[in-house]
Each structure stands twice: as structure tokens, then as C-alpha cells.
Amino acid sequence: MGTLFMLFSPPPPPPAICTTKKSSLSPTPSISSPKPNKHQYSRIQSSKFGNFFDLNPEPQPESFNFDLPWLDPTSERSHFDVIIIGTGPAGLRLAEQVSRYGIKVCCVDPSPLSMWPNNYGVWVDEFERLELEDCLDKTWPMTSIYLDENNTKYLDRPYGRVSKKKLKTKLIEGCVSNGVKFHKAKVSKIEHKEFESSIMCDDGNELKASLIVDASGFGSTFIEYDKPRNHGYQIAHGILAEVEEHPFDLDKMVLMDWRDSHLGNEPYLRAKNSRFPTFLYAMPFDSNLIFLEETSLVSRPVLSYKEVKAKMVARLRHLGIRVKRVLEDEKCLIPMGGPLPRIPQSVMAIGGTSGVVHPSTGYMVARTMALAPVLADAIAECLGSTRMIRGKALYHRVWNGLWPIERRCVREFYSFGMETLLKLDLNGTRRFFDAFFDLEPYQWQGFLSSRLSLQELVVLSLSLFGRASNMSRLDIVTKCPVPLAKMVGNLALETI
Ligand SMILES: Cc1cc2nc3c(=O)[nH]c(=O)nc-3n(C[C@H](O)[C@H](O)[C@H](O)COP(=O)(O)OP(=O)(O)OC[C@H]3O[C@@H](n4cnc5c(N)ncnc54)[C@H](O)[C@@H]3O)c2cc1C
């Protein structure tokens, strides 16, 4: 019933997707543990054991000290080839890539020089392939997965934390050297004529372009859908914390800790966790500095944030982690899966609003970095110096450039993965990942990094079934027929 209701109810209002606060005590720390000065010590208090909610960081916006080429709407002709709404990772990457072709680009954002709020993790090889490895500020040679108290897997695949500062600086430098203009405003409306579109900004300015690209993130209202938006949601609460100590190895990033012994004295939470499990994601920077995030991989409807936080408190207490200072905290809510935007439509999209979030994991940064050049290529084919393709032909070309049939089919498969995960309880999830990480490395790595073709995904599914325990096979056979039928139906529709 719940699922049916979600399918036919209107999409929820755009959620406040992420709030990240930074401590007034310290800027974003680099990798070594921050050493507070004398004045700061006077403000430090230790949390009650494990409960860090009394240590609320004060918001402190960080800004880049960059001399951006601002648009002067009074003296310049405000017509561009491309206007990009939003200067998050997606918007800036596309601006940097598309401007390489000599295409005239303007980026519009209320705060183009603010530090991005989220803490991004990626697989190191993903950034190496893109020659962005210099934008990681910390890497771990291995990752660990705690399936339960007695079963831990170690993955021989390095993981990294993105240096938001380095990545944003690199992208902005590229934009500046390619002549991208910036305008500081919020876009409130988009209008279209046959071969030209215009944006209305909250400062009263109107800017025109042949193509508008929406990179304003998950909360966007500019992109249209023609199917019910039955997303799953990843919800998480994360803190970058100075702690007295923690039990994790410094050379291993903890991708997922599914242990639940911390809920032994919490029968209500334990029962809920058995059906709607959450795990801990942890990046240990040193013995006193760690990023900790209690995460619901995917749920529908979205899990209660309060519950996620309560489980995190119990977990940290059980692990003996006493938080001394919260340097940053973040609330994460990522819509996953669901239908793609209507293809084509007059506004192009990239990033959170374009459907590129991995439907089974919620990851997106590396994929957006990889797909922005593909989209830039498609735009250049239409708007490059020798071409003059505008209007409907342009929209058709760019949407199909980002989402060719093969990529749409592959996404259907990943969405099937998400639908399967939605049906698994804690033990089912553990069994699933036990078999999943026993697959050939190219299979599980390719799946997590969206690198597999449809044929490879079919082979992966068969191998997974072959390696799964009998209980896991029973899970698949009893719980997957409906999502499987849905996927086959959608694949048929895509390919007709
Ligand atoms: C807390 C959190 C943690 C995440 N962690 C990871 C991770 O570890 N790894 C990973 O791969 N993915 C992660 N994701 C998923 C995804 O990569 C991020 O959400 C990513 O920030 C999306 O990038 P974006 O550029 O599409 O949008 P955003 O980063 O949301 O940027 C959107 C930009 O658009 C601007 N904007 C919004 N509305 C307007 C408007 N009307 N006019 C003008 N500008 C506007 C905003 O000011 C903002 O600058 C995380 C998401 C969240 C919420």
C-alpha cells in the first residue's frame, strides 16, 4: 500500500537537501588533527559519552578568495551560448568543459564563491581516470566492510576524500582561463522562444542564451518529469569530529559498518533497524579526527532523521567514541532512482537534477565529473563555431548526448538494484553484500562506478545469484520478481 501510494501521489516538495554547518572554532581542517589555540580551549567541552548533539557547531560560511570575472549586465550584451544555473560540482565542471570549445558561458549562482557544503568521498581510481587525483586531500589504501560482529571484508580498492577547495579552485581556474562569466543571483524563472531562452534573476536582471543548463541540485524546480517520481531516499547524519579516540584502523576507510550490537539495550530501535537498517560510514583521518556518518542506504518513504541520529548516538557510545568537538555536521538527503527527466525538454540538466545519481549507492561526484565532458561535446556539436543548431534539434541532441538509449537501459538496471535493496531487511542486506563483494573486482567495482555495460550487468546478476547463500537466493526469488518485471517493462519501453 505504501508503495502504491508513493507511486500515484504527487512528488514531495523539494526537500531541504543538505544542511552543513561548520564550527566557529575552526575552519575545515586539513588532514592533521586541529590544534586549538588557548582561546579555543576555553570553549571546548566533551560530549556526554557518545552523545554529541549538545556540541552544536556554529555556522561559519567559508568563501574563496578569487577574482571572478563578473558579468556587468549594464554594459555587456547579456546573450550567451550557454547559461548554467548553479556552481556546485556539476555546474562548474560543465562550465569548465564546454568553455574549452570557445563557447560563451555564464554561470549564475547566489553564492559562486562559497565553499561547497557536502563532504565528498570517491574511489581513487575514478578520480585518477579523470586526472583529478590531485583534488583528493586524503586517501586510504583499503576499505573495510563490517557485515556483522564476526564477518569483516577488506577491499583492496583505495578510497579518497575530495578536497572541495582544490577541486573547486581547479574548476574555477579552468573557467576563468576559458572566459566564463559569473553572475551572482538566484534564478527564479526560465522562459523559452523558438531558438532562445531567458532566465529571470532575483536581482531583476534577465539574461539570454541558446541553451540553459540546470545544475541547481536535487531541489531544482526547473526540470520536468512525465512519470511519477517514486524515488528512494538516502538519508544520513554526518559529523567531522575531534574525538578522544576511535577503534578504526587509520589505513582503512570504513565503507559500511552494519554491526548492530550497539542496539542491544534499545529493543525498539533494534527491531526497527532489523527491518530498515542503517550503517556507519567512517573516514579516520588520524587517531583523534574522524568523519562519522550514520546512513540509511536507501528507504522509501524516507527514514526518520531523528531515528538515524538516535542510532548514531547509540553506536558511538558502544564503540567508545567520545566526541570532543564537532567541526562540521551535515544532513544528507539524496533522492535516488525514480524516472529520468522528460527527454528531451527545453532546459538541459547536469548533476543532481539530471538523474545521474547512482540509483543503488547515491554517489554522483565522480560520475558527473566524467559525464560533463560528454555533454560538453554534444553542446559543442550544436553551438561550436562552425555549427548553428538551435531550438528543438539542440535540445534533442544534448539530452540524447547525456542519456543515449544504452545509458538509460543501464540506469534501469541500477534502479532495479535499488528496488531490490529496498526490499531487504538487515540480514538480507548483509547476505547481499557478502555475495556482492565476493564477485570479481571488475564486477563490483564496475557496478559501484557505473562502468558496466548492460551485458556485463546481466552476467554480474547471474554470478551474484550463483555465489549467493541459499537464504539470499530465497530473498531474490521471493522479493525481486516485481522489480524485475518493472525493469523488463521499462527496458522494453526504452528500446521501442
Ligand atoms: C550531504 C551530502 C553528501 C554527499 N556525499 C557524496 C559523496 O560522498 N560522494 C558522491 O559521489 N556524492 C555525494 N553526494 C551526492 C551529490 O554528489 C551531491 O549532492 C552534489 O553536491 C551534487 O552536485 P550538484 O552540482 O548537482 O548540486 P549542488 O552541489 O547541490 O549545487 C547546486 C548549486 O546550485 C545553486 N542553486 C540552487 N538553486 C539555484 C537557483 N535557483 N539559481 C541559481 N543557483 C541555484 C546552489 O547555490 C548550489 O551552488 C552527497 C550529497 C549530499 C546532500
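Where an unreviewed UniProt entry is consulted, the protein chain appears under the name Lycopene beta-cyclase, with the organism given as Fagus sylvatica. Regarding the protein chain, the relevant UniProt record gives this comment under Sequence similarities (unreviewed entry): "Belongs to the lycopene cyclase family."

J.: Honestly, the layout of surface pockets in this entry has me stumped. Any pointers?
T.: Rolling a probe over the atoms, with the probe sized like a water molecule, indicates the empty space that remains. There is about 550 Å³ of room inside the second largest pocket. Taken together, 23 residues make up the lining of the second largest pocket; nearest its centre are Lys-227, Gly-338, Pro-339, Glu-412 and Asn-490. For the lining of the second largest pocket, the leading source of residues is helix H10 (residues 405–423), giving 6 residues. Per-class residue counts for the lining of the second largest pocket are 10 nonpolar, 4 polar and 9 charged. Two domains share the lining of the second largest pocket, each providing at least three of its residues, namely domain 2 (79–116 + 164–226 + 341–403) and domain 3 (406–495).

J.: What am I meant to see in the side chain of His-262 here?
T.: Take His-262: it is sitting in the loop between strand S14 (252–257) and helix H6 (267–275). Within polar-contact distance, the side chain of His-262 engages the backbone oxygen of Arg-259 at 3.5 Å. If sequence neighbours within four positions are ignored, His-262 has contacts with Lys-311, Ala-314, Arg-315 and His-318.

J.: Explain the pairing of S14 to me, please; I cannot follow it from the model alone.
T.: For a regular strand, side chains alternate in direction, first toward one face of the sheet and then toward the other. Counting buried positions along S14 gives 6 out of 6 residues, so the element sits mostly inside the fold. The sheet contact formed by strand S6 (residues 142–148) and S14 spans 5 bridges and is parallel. Of the residues in S14, the one forming a bridge with Ile-145 is Met-256. Where S14 and strand S15 (residues 279–284) come together, 2 bridges link them in antiparallel fashion. From the neighbouring strand, Val-254 faces S15, where its bridge partner is Ala-282.

J.: Before we go on, may I ask you to explain the nonpolar core in this structure?
T.: In terms of nonpolar packing, the biggest core is built from 126 residues, with Phe-127, Ile-199, Leu-211, Ile-379, Phe-433, Phe-436 and Phe-437 touching the most fellow members. The element best represented in this core is helix H8 (residues 365–383), accounting for 12 residues. Not counting residues within four places of it along the chain, the set of residues in contact with Phe-127 comprises Val-122, Leu-132, Glu-133, Cys-135, Leu-136, Val-162, Leu-167, Val-365, Ala-366 and Met-369. Grouped together as the second largest cluster of nonpolar side chains are 16 residues, Val-254, Leu-280, Ile-290 and Leu-319 included.

J.: Honestly, the pattern of salt bridges in this entry has me stumped. Any pointers?
T.: Between side chains of opposite charge, a pair can form when the charged atoms approach closely. Counting across every chain of the model gives 27 salt bridges. The shortest N-O distance in the salt bridge between Asp-125 and Arg-157 comes to 2.9 Å. With Asp-125 in helix H4 (residues 124–129) and Arg-157 in the loop between strand S7 (151–155) and strand S8 (159–162), this residue pair connects regions lying 32 residues apart in the sequence. Taking the relative accessible area as the measure of exposure, Arg-157 reaches 1% and is therefore buried. Between Lys-479 and Asp-475 there is a salt bridge, and its shortest N-O distance comes to 3.4 Å.

Conventions and cut-offs
Residues numbered from 1 in each chain as written. Predicted model: local features only at pLDDT ≥ 70, side-chain atom pairs only at ≥ 80, totals over all residues. Heavy atoms only, no water. UniProt positions renumbered as here; feature names shortened; annotations may be inferred. 1 Å grid on protein atoms, 1.4 Å probe; cavity = no way out; pocket = protein on both sides within 12 Å on 5 of 7 lines; lining within 4 Å. Points joined across faces, edges and corners; volume = space filled by probe spheres on them. Helix = DSSP H or I, 4+ residues; strand = E, 2+ residues; numbered from the N terminus. Nonpolar A, V, L, I, M, F, W, Y, C, P; charged D, E, K, R; others polar. Domains from an automatic or database assignment. Polar contact = N/O pair within 3.5 Å; in protein donor to acceptor, adjacent residues only side chain to side chain. Contact = heavy atoms within 4.5 Å. Buried < 20%, exposed > 50% of the residue type's maximum accessible area, 1.4 Å probe, protein only. Pairing = 2+ DSSP bridges. Core = buried A, V, L, I, M, F, W, Y, C linked by side-chain atoms within 4.5 Å. Salt bridge = Lys/Arg side-chain N within 4 Å of Asp/Glu carboxyl O.

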